[in-house]
Amino acid sequence: MLRWGFRVLSCGSSAPWRRQRSVLAMAEDLIAAVASQTKRLNSSSEVVQRLEENGHQNKKLKSDADEEDAEDQNKKLPKRKIVLLMAYSGKGYHGMQRNVGSSQFKTIEDDLVSALVQSGCIPENHGEDMKKMSFQRCARTDKGVSAAGQIVSLKVRLIDDILEKINNHLPSHIRILGLKRVTGGFNSKNKCDARTYSYMLPTFAFAHKDHDVQEELFRLDRDTLERVNRLLACYKGTHNFHNFTSQKGPRDPSAKRYIMEMYCGEPFVRENVEFAVIQVRGQSFMMHQIRKMIGLVIAIVKGYAAESIMERSWGEEKVDVPKAPGLGLVLEKVHFEKYNRRFGNDGLHEPLEWTEEEEKIALFKEQYIYPTIINTEREEKSMANWLKTLPIHDFNSSAVEMQTNNRNSKKSSDLEGSDGCGDDSD
């Protein structure tokens, strides 16, 4: 355009040049206006961006403030003594009881305490020192043992939606199914009158050792089931169970335990294998006691031991009692009958009964406990492998010595002829 303008001037005409200058001026004004508008837009965009950033910051600050307020509100809540109804699958855990300071062996209480802290029910220092929240479990289940009705007592802040918040921080195979307020001095272990356990096992465990059986085809006959129940009923009453645990002598008063009932239910088939469930209810049980009680009955029914070994095992001599696998053992229920009679209808507290939770308990067992037992048995064959160890046990040595020492004794003769079932029932 400049060259064109020069040519116009050289021709001596000024009018076109003035028009050109006018056009140039208008273009420059337009460019300046666009630049100004762009600058204003950029400035507005920066303002909007800053407002948005400030808005996000404000929201974040508000959210953080709300969380802090909620935490502060939780801290202001008074602590109350409660009990929690727990259900869990014990596979992969080294029992119920927490070993504070040891991370080598994971326990159910490790996960529970972590969930209580994260949900805001207890302060973090209470998780480190469980005495501060007066924590007490009703039963200390062993490695691999499950529970459908475990009870723990503790002091917590009664936050809103407490069960939902605790369960949100627990794995699916551990659930809190219920909560009740209890008296301030309540202790779930000391106030418990009785405990009911079940033991689920494949029925081929009762097949006689001289019979070659295929595990999936075996079915328990009526006569064998009746014999199993007769032997289990022998445990009813008060006996000295020093041979059914460890580190207890025959004269230790604490080795005496009272069994209220013990029986085997009707068989049923799962995954082509027949199973049965043994139920036992007693005031309290020592470590490994139930597994040894069942192990001894299996050894008798299979033909490895005489029935007389049961009565001998309650005497002072040392008897070799086999311990059945822990896989099938489940804590079913704990009983608080004395507490319920005294406080259950006082107008302030509820009886510790869980009728409304029974459906949830049954569903949890079907979803987590029974499948774990069945699948683990099929994959790892814990019962089948344990049965192979029974011939290693020496069930007869003490009996032979007794016969030798009391060859002419009528007492020895009576013992050999008995069915091993004492009459100690209360």
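About the criteria used
Residues numbered from 1 in each chain as written. Predicted model: local features only at pLDDT ≥ 70, side-chain atom pairs only at ≥ 80, totals over all residues. Heavy atoms only, no water. Salt bridge = Lys/Arg side-chain N within 4 Å of Asp/Glu carboxyl O. Helix = DSSP H or I, 4+ residues; strand = E, 2+ residues; numbered from the N terminus. Phe/Tyr/Trp six-rings, centres within 6.5 Å; stacked < 30°, edge-to-face > 60°. Buried < 20%, exposed > 50% of the residue type's maximum accessible area, 1.4 Å probe, protein only. Lys NZ or Arg CZ within 6 Å of the ring centre and 35° of its normal. Expected span 1.5 Å × (residues − 1). Axes fitted to C-alpha atoms, helices over the stretch in contact; angles between N-to-C directions. Parallel < 35°, antiparallel > 145°, perpendicular 65-115°, else oblique. Left-handed = near helix turned anticlockwise from the far one by under 90°. Contact = heavy atoms within 4.5 Å. UniProt positions renumbered as here; feature names shortened; annotations may be inferred. Polar contact = N/O pair within 3.5 Å; in protein donor to acceptor, adjacent residues only side chain to side chain.

J.: Describe the pattern of salt bridges, listing the residues and the values that go with them.
T.: By the definition in use, this model includes 17 salt bridges. A salt bridge links R251 to E316; the shortest N-O distance between them is 3.4 Å. With a gap of 65 residues between them, R251 in the loop between β6 (237-240) and β7 (256-264) and E316 in the loop between α8 (309-313) and β10 (329-335) connect regions that are remote in the sequence. Among the ionic contacts, a cluster of salt bridges with common partners joins R227, R230 and E307.

J.: So what's going on with the packing of aromatic side chains? Residues and values would help.
T.: Evaluation of the coordinates by the stated rule reveals nine aromatic pairs. Considering the side-chain rings of F186 and F336, the 5.6 Å spacing of their centres and the 50 degrees angle between planes classify their relative orientation as tilted. Here F336 lies in the loop between β10 and α9 (337-343) and F186 lies in the loop between β4 (174-181) and β5 (194-202), a separation of 150 residues in the sequence. With respect to class, F186 is no different from F336; both count as buried. Counting every residue linked through ring pairs, the aromatic cluster contains F186, F336, Y339 and F343. Directly above the aromatic system of W354 lies the positively charged group of K180, at a separation of 5.0 Å from the ring centroid. Note that K209 overlies the ring of Y304, its terminal NZ or CZ placed 5.8 Å from the centroid.

J.: So what about helix α7 (residues 289-301)? Which residues, and what values?
T.: Here α7 is 13 residues long and its end C-alpha atoms lie 19 Å apart, about the 18 Å a rise of 1.5 Å per residue gives. For α7, the tally of buried residues reaches 13 of 13 residues, placing the bulk of the element in the interior. G303 sits one or two residues past α7 and shows a positive phi near 95 degrees.

J.: Quick one: what's the story with the packing of helix α6 (residues 222-233) against α7, residue by residue and with numbers?
T.: It is the contact of α6 with α7, at a shortest axis distance of 10 Å, that shows an interaxial angle of 135 degrees. With respect to their mutual orientation, α6 and α7 come out oblique. At the point where α6 passes α7, the crossing takes the right-handed sense. When α6 is examined against α7, the residues T224, R227, V228, L231 and L232 are found in contact with a partner set consisting of V297, I300 and V301.

J.: Can you tell me about the UniProt feature "binding site: substrate" (unreviewed entry) in the chain, naming the residues and giving the values?
T.: Taking the numbering used here, the UniProt-annotated feature "binding site: substrate" (unreviewed entry) corresponds to Y197. Inspection of the secondary structure puts Y197 in strand β5.

J.: Please set out α6 residue by residue, giving values where relevant.
T.: With 12 residues, α6 should reach 16 Å at 1.5 Å per residue; the first-to-last C-alpha distance of 16 Å fits that figure. As for α6, its buried residues are in contact with β7, β9 (273-282), α7 and α8. Here α6 starts with a cap whose side-chain oxygen sits 3.1 Å from the backbone nitrogen of D223, and that cap is D221.

J.: Mind laying out unusual backbone geometry, listing which residues take part and the relevant values?
T.: Of note, D161 is a non-glycine position whose phi angle comes to about 50 degrees, a positive value. Turning to its location among the elements, D161 is positioned in the loop between β3 (146-157) and α5 (162-168). The phi dihedral of H288 falls on the positive side, at around 70 degrees, and the residue is not glycine. Along the polypeptide, H288 turns up in the loop between β9 and α7.

J.: Got a sec to walk through the UniProt feature "active site" (unreviewed entry) in the chain? Specific residues and values, please.
T.: When the UniProt feature table is mapped to this numbering, "active site" (unreviewed entry) covers D142. Here D142 lies in the loop between β2 (136-137) and β3. Those residues in contact with D142, other than ones at most four positions away along the chain, are G95, M287, H288 and R291.

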